[in-house]
Amino acid sequence: MSARSKSLPRKAHAEQVTLEFADNRLVAALSGPHQKHFARLEQRLSVLITQRGNLIAVAGTADTRARTTAILRALYARLQAGESVTLAEVDAEIRFTDPVGNRAAAEGSIRTASSRITRPRSPAQSAYLDLMREHPLVFGIGPAGTGKTYLAAAFAAHMLHQRRVERLILSRPALEAGERLGFLPGDLKDKIDPYLRPLYDALFDVLGDQTTRLIEQGVIEVAPLAFMRGRTLTRAFVILDEAQNTTAAQMKMMLTRLGEDSQLVVTGDPSQSDLPGNTASGLNEALSILEGVEGVGIARFGEGDVVRHALVSRVVAAYSASGK
């Protein structure tokens, strides 16, 4: 039995449901190291979870019992499919089973490589993926940690895996976040790589070791925004990251690069512009001009959609409350 105790109403302790799972090894993975996954569910849903062998008992109100059992079954199904389960997946299932969320949205997984699957971790992320499936131009707008860039990179890898595009092009403005780094050593690639590192990180996470090979073959191109001028991008999936740092002219230039059978995803946080002085953000202008235009989808994320460390969500909320 679990050694953890939980403060539940007396009646709730008497009302429980018991689940039986066939594979003890998977049940161990389901509970997590030192039963951390069960502890997270208890903390967030106000339930009591006890385990004996392959039997898991859930005590709580009717609603929390139903929600917890749905989460446990969904996570166990992932383990049966050979996927791993971490606290991030537990948190994602908690979001999807929220009464104001959409349980069906959790099924919108995408395959980014033969052995890799990416799943949305919130209803907002699922809606974002749906927009990318349906629109050639999508804006992902919201604070840091909501998965805007990561999911765009994952969907781009999915489109490449499905052979629906021939190449991936990822770009962002080469603008420091409040710092001036001065002259950087090395050739052109060495100079621009630090600005593009977040895009590389997202690609390596969703594609794995084949990322380097695809970059060397030219299938994946990572370049600063300045390199896009004069190009027509066909059969490509294009991501413009940190778009709040584009000027109006740069944004218009990028939006008009799309060629036949191409798709563009623009991500950014309007509250985090690093443009100098009173320079207007091209992202804000584009959003006001293109709202409601056919073929354009806009996904807006909030503080509650942050999927990084829980502290990140609280940091974002604190800054928003302070008006900064």
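Refer to the structure presented above.
If you're wondering where the values come from, they're calculated on a predicted model, not measured in any experiment. (Residues numbered from 1 in each chain as written. Predicted model: local features only at pLDDT ≥ 70, side-chain atom pairs only at ≥ 80, totals over all residues. Heavy atoms only, no water.)

**Considering the pairing of strand S10 (residues 263–268)**
Thought 1: The buried count for S10 comes to six of six residues, which makes it a mostly enclosed element.
Thought 2: Of the pairings in the sheet, the one linking strand S6 (residues 137–141) to S10 comprises five bridges and is parallel in character. Across the sheet, Phe 139 pairs through a bridge with Val 266, a residue of S10.
Thought 3: Note that strand S9 (residues 236–240) and S10 share four bridges and pair parallel. Bridging across to S10, Leu 240 finds its partner in Val 266.
Thought 4: With helix H10 (residues 248–255) bridging S9 and its parallel neighbour S10, the resulting β-α-β unit is right-handed. (Buried < 20%, exposed > 50% of the residue type's maximum accessible area, 1.4 Å probe, protein only. Helix = DSSP H or I, 4+ residues; strand = E, 2+ residues; numbered from the N terminus. Pairing = 2+ DSSP bridges. Right-handed = clockwise from strand over helix to strand, strands pointing away.)

**Topic: the sheet that holds strand S1 (residues 16–20)**
Thought 1: Taking strand neighbours across the sheet as the criterion, the three strands line up as S1-S3-S2 in an open arrangement whose pairing is antiparallel. Lying at the two open borders of the sheet, with one neighbouring strand each, are S1 and strand S2 (48–52). Geometrically, the sheet is characterised by an average inter-axis angle of 20° between neighbouring strands, direction not taken into account.
Thought 2: Bridge count between S1 and strand S3 (residues 55–59): five bridges; the pairing is antiparallel. The residue bridging Gln 16 from the neighbouring strand is Ala 59, located in S3.
Thought 3: Sheet contacts for helix H3 (residues 36–45): S2 and S3; angle to S2, the most-contacted strand, approximately 155°. (Axes fitted to C-alpha atoms, helices over the stretch in contact; angles between N-to-C directions. Contact = heavy atoms within 4.5 Å.)

**Overview of helix H4 (residues 62–80)**
Thought 1: With 19 residues, H4 extends 27 Å from end C-alpha to end C-alpha; this agrees with the ideal 27 Å at 1.5 Å per step.
Thought 2: All of the buried residues in H4 are Thr 64, Arg 65, Arg 67, Thr 68, Thr 69, Ile 71, Leu 72, Leu 75, Tyr 76, Arg 78 and Leu 79.
Thought 3: Count one or two residues on from H4 and you reach Gly 82, which has phi positive near 90°. (Expected span 1.5 Å × (residues − 1).)

**Comments concerning the nonpolar core**
Thought 1: If you look at the biggest cluster of nonpolar residues, it comprises 35 residues, and the most contacted ones within it are Tyr 128, Met 132, Leu 168, Leu 170, Ile 220, Val 222 and Phe 237.
Thought 2: A total of nine residues in this core trace back to one element, the largest contributor, which is helix H7 (residues 148–161).
Thought 3: Ignoring sequence-local partners within four residues, the contact set of Tyr 128 consists of Val 138, Phe 139, Gly 140, Gly 147, Lys 148, Leu 151, Ala 152, Val 265, Thr 267, Ala 299 and Phe 301.
Thought 4: Ranked by size, the runner-up nonpolar core spans 23 residues in total, among them Leu 233, Ala 236, Met 253 and Val 296. (Core = buried A, V, L, I, M, F, W, Y, C linked by side-chain atoms within 4.5 Å.)

**Observations regarding the sheet that holds strand S7 (residues 167–172)**
Thought 1: With parallel pairing, the six strands of this open sheet are ordered in space as S8-S7-S9-S10-S6-S11. Looking at strand neighbours, the two that pair on one side only are strand S8 (220–224) and strand S11 (296–300), the edges of this open sheet. Along the sheet, successive strands turn relative to each other by an average axial angle of 15°, direction set aside.
Thought 2: Strands S6, S9, S10 and S11 of the sheet are contacted by helix H6 (residues 123–134), whose axis makes an angle of about 160° with S6.

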